[in-house]
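Observations on chain architecture
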Amino acid sequence: MKTTIGTDTAFAASLLRQGQLVAIPTETVYGLAANALDAEAVLRIFEVKNRPAFDPLIVHISSMKGLYELATAVPELAIRLADSFWPGPLTMVLPRRNHIPDIVSSGMDTVALRMPAHPFALDLLAMLDFPLAAPSANPFGYISPTTALHVNDQLGGKIPYILDGGPCSIGVESTVVGVEEDRLLIYRMGGITVEQLREVCGQIEFSVANIHQMQAPGMLESHYAPRCPLELGHLAELRRLYSGSKLAVLSYRGMVATGEDVVAACVLAPGGDLREAAKNLFAAMRELDNSGADLIIAETVPEEGLGRAINDRLRRAAHRHGYDM
Ligand code: TXA
Ligand code: MG
């Protein structure tokens, strides 16, 4: 199949109406989209991504009407969160209506909903009379794409069209939360920070889901992993420990001194801005993964704001072989 990259939202809409897949830009990462109400089309997403069927998808909408059409119960807290953060990088898990095909939510009785903030995605959704199921547009378990070229590198030849909306402005996936009347459960750290959620939730209890609460969700440890092994820790120590290997170095703000052992290096945010670090993270991981190094060594960033999502992705990239975090 020939893959075209372009900016024609009307063409993207016509393909989606025919049940085809289109990669779409969002503010977080690129998504691999299909008609969420067409089980056949959604099945193709799983095939193209090589994604196990137990990992449910996010359904994208462009209006509050979509929320009521897809969820059976919308708690007051969900409305407050939508008012504050939609369109934007927040996904809410709510009880689902029955016309959503089982494959979208892996047979669970909930559905994950998000209103993305990218103008192309919103235009596209407004042209369609169905919502879009869209996981990140990468092969299962690999680093998420933040440019149209990243998508083309991996899914080129497998999908007809990539809608090019430029580099993603946030750069890490949405924060996924389960919303109940008086409780918020964070399934995945992402573009909306814990601090931002606290401000809106006030006294409401909230907790971070642990691995045992995540039979289904794509909270698999090995997510977001480069092919090259990645070690997380203190850069100078790691460099000593692995002297003799060809290293690629991923640092937060400080440039490392290069040498014979270092074949590539990326600095996430020389000015120490965590938003910039998030935006650069996945492109940097890809670049280092393709550098020919034997090992990527990386350091965590401050555990605050978007730093939590960045560290989460780094830890997952480092834990390629199981649930041992
Ligand atoms: O930023 C994003 O969220 C991007 C863009 C394209 O919107 N999408 C994305 O999709 O990251 P994906 O499929 O790579 O991740 C979806 C996450 C997974 O962790 C999945 O397990 C979780 O959402 N999820 C989906 N449905 C769920 C449900 N019913 N309950 C709990 N978690 C759910
Ligand atoms: Mg993903």
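Residues numbered from 1 in each chain as written. Chains lettered and ligands numbered in written order. Predicted model: local features only at pLDDT ≥ 70, side-chain atom pairs only at ≥ 80, totals over all residues. Heavy atoms only, no water.

1. Here we look at the sheet that holds strand β10 (residues 183-188)
- The 11 strands are arranged β1-β8-β2-β3-β7-β4-β6-β5-β9-β10-β11 in an open sheet whose pairing can be described as mixed. Looking along the sheet, the strands with just one partner apiece sit at the ends: β1 (4-6) and β11 (205-208).
- Here β1 pairs with strand β8 (residues 161-163) via 3 bridges, running parallel. Residue pairing in the sheet places T4 in a bridge with Y161 of β8. (Pairing = 2+ DSSP bridges. Helix = DSSP H or I, 4+ residues; strand = E, 2+ residues; numbered from the N terminus.)

2. Notes on the sheet that holds strand β12 (residues 230-232)
- Strand order in the open sheet made by the 4 strands is β12-β15-β13-β14, with parallel pairing throughout. In this open sheet, the two strands that pair with only one neighbour each are β12 and β14 (262-267). For this sheet, the mean inter-axis angle between neighbouring strands, taken without regard to orientation, is 20°.
- When strand β13 (residues 247-251) meets β14, the two strands line up parallel, connected through 5 bridges. By the bridge assignment for β14, L250 is matched with C266.
- This element, helix α9 (residues 274-289), spans β13, β14 and β15 (295-298) of the sheet and lies at about 170° to β13. (Axes fitted to C-alpha atoms, helices over the stretch in contact; angles between N-to-C directions. Contact = heavy atoms within 4.5 Å.)

3. Notes on the nonpolar core
- One finds L81, M92 and L250 to be the most contacted residues of the largest nonpolar core, which totals 83 residues.
- The element that contributes the greatest number of residues to this core is α9, accounting for 8 residues.
- Setting aside its immediate chain neighbours within four residues, M92 contacts A78, L81, A82, W86, V111, A112, L113, V177 and V179.
- V22, L125, A134 and Y161 belong to the second largest nonpolar core, which has 15 residues in total. (Core = buried A, V, L, I, M, F, W, Y, C linked by side-chain atoms within 4.5 Å. Buried < 20%, exposed > 50% of the residue type's maximum accessible area, 1.4 Å probe, protein only.)

4. A few points about the pattern of salt bridges
- For the coordinates displayed, the defined rule picks out 14 salt bridges.
- Between K65 and E69 there is a salt bridge, and its shortest N-O distance comes to 3.3 Å. Here K65 and its partner E69 are both found in helix α3 (residues 64-70), 4 residues apart, which amounts to about one turn of the helix.
- Residue class for E69 comes out partly exposed when judged on its relative accessible area of 40%.
- Where R313 meets D312, a salt bridge forms, and the shortest distance between an N and an O atom there is 2.6 Å.
- Taking relative accessible area as the criterion, R313 reaches 0% and is therefore assigned buried.
- On the basis of relative accessible area, D312 is assigned to the buried category, the value being 9%.
- Overlapping salt bridges, with partners in common, bring together E173, D312, R313 and R316 in one network. (Salt bridge = Lys/Arg side-chain N within 4 Å of Asp/Glu carboxyl O.)

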